[in-house]
Amino acid sequence: MITLYAAPLQGFTELAWRNAHAQVFGGIDAYYTPFVRLEKGEIRNKDKRELLPAGNTVSRLIPQIVAAEPDEFRMLVEQISGWGYREIDLNMGCPFPLIVNRRKGSGILPFPDKVAALLHEMETFPEIRFSVKMRLGWERADEWREILPLLNESCVRQITLHPRIGRQQYKGTVDREAFTAFYESCRLPLVYNGDLRTQEEMQELLQAYPRLEGLMLGRGLLANPDLAAGFRQGNTLPVSELYRKVGQMHQLIYAEYARTLEGGEAQILQKLKPMWEYCLPDLDKKARKAILKSNKLDAYLRAVREAL
């Protein structure tokens, strides 16, 4: 059976969202954390809280890291593996300039020597199952041609490919022609990620690429949290039931932030509102506007209840 993954999306798929999604909707085999990086030689405290096993209730969580140098990579792996993780994903796909300008994320793809150095460092951790999430390139859609041979010969166990270049960020369309070329050249288990929003699109992709190991769902899963479970079960929830379950999921997310955040209403709202950037795109526009414009927690919660 095909494996379904929840993509790592900064600001969206944090611990509270992952735990609530798994509890209410499910259908996902493994959740990826948004990437973790070093700041001043250490993992940030907020990222530590996201990773500590005691707080995560999903059945399979894969930490993702971003690094440009072997020493940086090693420090991240040593700390994360020290918390008991035996799967770690290397981010070579982030398109945001702050990361790219440091030759991290998709910014590392034009530098095969840097990629090779990180892959070599992986060999010093034989107990870890490493995977890579990447794009076609940063500047050009053929930059992968120098990277894939390195991956094919490495200890990497799996590749997830998002068939855009970094400069696109999330604009334009995915490049299916380039994905096909990558698919045909890749000797490792391959996961597809990018613009899967419906069960029909998921099924079409699996028919076109029967050797795929899995599908990774990102914005499509944020929009319709039932996407994976519905695909598994071969059905679609009635709108009323979908809205009811989204309300249940939202309540769990709110409860988690109310319990753990110390910055008061403003911080809780800052964490809750991003959910509505993608969730339920067919939601009444006035209702969504009322949610996003709420600046008091009571008003926000009332707007959510009325919208659902």
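Structural data are supplied above this passage.
What counts and how
- Residues numbered from 1 in each chain as written.
- Predicted model: local features only at pLDDT ≥ 70, side-chain atom pairs only at ≥ 80, totals over all residues.
- Heavy atoms only, no water.
- Core = buried A, V, L, I, M, F, W, Y, C linked by side-chain atoms within 4.5 Å.
- Buried < 20%, exposed > 50% of the residue type's maximum accessible area, 1.4 Å probe, protein only.
- Helix = DSSP H or I, 4+ residues; strand = E, 2+ residues; numbered from the N terminus.
- Phe/Tyr/Trp six-rings, centres within 6.5 Å; stacked < 30°, edge-to-face > 60°.
- Pairing = 2+ DSSP bridges.
- Polar contact = N/O pair within 3.5 Å; in protein donor to acceptor, adjacent residues only side chain to side chain.
- Contact = heavy atoms within 4.5 Å.
- Salt bridge = Lys/Arg side-chain N within 4 Å of Asp/Glu carboxyl O.
- Expected span 1.5 Å × (residues − 1).
- Arc of directions from axis to C-beta.
- Axes fitted to C-alpha atoms, helices over the stretch in contact; angles between N-to-C directions.
- Left-handed = near helix turned anticlockwise from the far one by under 90°.
- Nonpolar A, V, L, I, M, F, W, Y, C, P; charged D, E, K, R; others polar.
- Right-handed = clockwise from strand over helix to strand, strands pointing away.

Asker: Can you walk me through the nonpolar core in this structure?
Answerer: Side chains of a nonpolar character, in soluble globular proteins, are inclined to be buried together. Core analysis: the largest hydrophobic core is formed by 95 residues, its most contacted members being Met134, Leu151, Ile159, Leu212 and Trp276. For this core, the element with the highest residue contribution is helix H11 (residues 239-260), accounting for 7 residues.

Asker: I would appreciate a short explanation of the packing of aromatic side chains in the present structure.
Answerer: Centre distance and the angle of the planes are the two values used to describe a pair of aromatic rings. As enumerated under the stated definition, the model contains 11 aromatic pairs in all. Between Tyr5 and Tyr32, the aromatic rings sit 5.8 Å apart at their centres with planes inclined by 75°, giving edge-to-face as the arrangement. With a gap of 27 residues between them, Tyr5 in strand E1 (residues 3-6) and Tyr32 in strand E2 (residues 30-32) connect regions that are remote in the sequence. The same class applies to Tyr5 as to Tyr32, namely buried. Their ring planes at 40° and their centres at 5.6 Å tell us that Phe73 and Phe130 sit as a pair that is tilted.

Asker: I tried to follow the sheet that holds strand E7 (residues 87-92) on my own but got confused; where do I start?
Answerer: Strands belonging to one sheet form pairs held by backbone hydrogen bonds; the direction of such a pair is parallel or antiparallel. Taken in spatial order, the 9 strands make up an open sheet running E5-E2-E1-E11-E10-E9-E8-E7-E6, and their pairing is parallel. Both edges of this open sheet fall to strand E5 (61-62) and strand E6 (64-65), since each of them pairs with a single strand only. Note: strand E10 (residues 190-193) against strand E11 (residues 214-217), 3 bridges, orientation parallel. Opposite Val191, over in E11, you have Gly214 as the bridge partner.

Asker: Can you help me understand the side chain of Asn193 in this one?
Answerer: Tracing the backbone shows Asn193 in strand E10. Within the local environment of Asn193, its side chain forms a polar contact with the side chain of Lys133, the two groups lying 3.0 Å apart. Contact partners of Asn193, with chain neighbours within four places excluded, come to Ala7, Lys133, Thr160, Leu161, His162, Pro163, Met216 and Gly218.

Asker: I keep staring at the pattern of salt bridges and nothing clicks. Help me out?
Answerer: Two side chains of opposite charge can pair, provided their charged atoms sit close to one another. Counted according to the given criterion, the structure contains 23 salt bridges. In this structure, Lys46 engages Asp47 in a salt bridge whose closest nitrogen and oxygen atoms are separated by 3.8 Å. The exposure class of Lys46 is partly exposed, given its relative accessible area of 35%. A relative accessible area of 5% places Asp47 in the buried class.

Asker: Is there a simple way to explain helix H3 (residues 70-82) in this structure?
Answerer: Residue pairs spaced three or four apart in an α-helix point in one direction, given the helix's 3.6 residues per turn. Taking 1.5 Å as the rise per residue, H3 with 13 residues should run 18 Å; its terminal C-alpha atoms sit 18 Å apart, in good agreement. Turning to H3, its buried residues are Glu72, Phe73, Leu76, Val77, Ile80 and Ser81. Down the axis of H3, the buried side of the element spans an arc of 145°, and every buried residue falls inside it. Seen from the buried face of H3, the exposed residues on the opposite side, beyond 90 degrees, are Asp71 and Gly82. Remark: Gly84 follows H3 within two positions and exhibits a positive phi of approximately 100°.

Asker: Before we go on, may I ask you to explain the packing of H3 against helix H5 (residues 112-122) in this structure?
Answerer: Between two packed helices, both the angle of their axes relative to each other and the distance between the axes serve to describe the pair. Following both chains from N to C, one finds H3 and H5 inclined at 35°, their axes separated by 9 Å at the closest point. Crossing hand, H3 versus H5: right-handed. Residues Pro70, Phe73 and Arg74 of H3 lie in contact with H5, whose contacting residues are Ala117, Leu118, Glu121 and Met122. By residue class, the composition of the contact of H3 with H5 is 5 nonpolar, no polar and 2 charged.

Asker: Explain the environment of Asp298 to me, please; I cannot follow it from the model alone.
Answerer: By the element assignment, Asp298 lies in helix H14 (residues 297-307). Along the chain, Asp298 and Glu265 lie 33 residues apart, while their C-alpha atoms are 9.3 Å from each other.

Asker: Help me understand the pairing of strand E8 (residues 129-137), please; the structure alone is not making it clear to me.
Answerer: The two faces of a sheet get side chains in turn, since along a regular strand they alternate between them. Most of E8 sits inside the fold, with 8 of its 9 residues counted as buried. Inspection of the sheet shows E7 paired to E8 by 6 bridges, in the parallel sense. The residue bridging Asn91 from the neighbouring strand is Lys133, located in E8. Pairing analysis gives 6 bridges linking E8 to strand E9 (residues 158-165), with the strands arranged parallel. Looking across to E9, one finds that Val132 is bridged to Ile159. Crossover E8 to E9 through helix H6 (residues 144-152) is right-handed.

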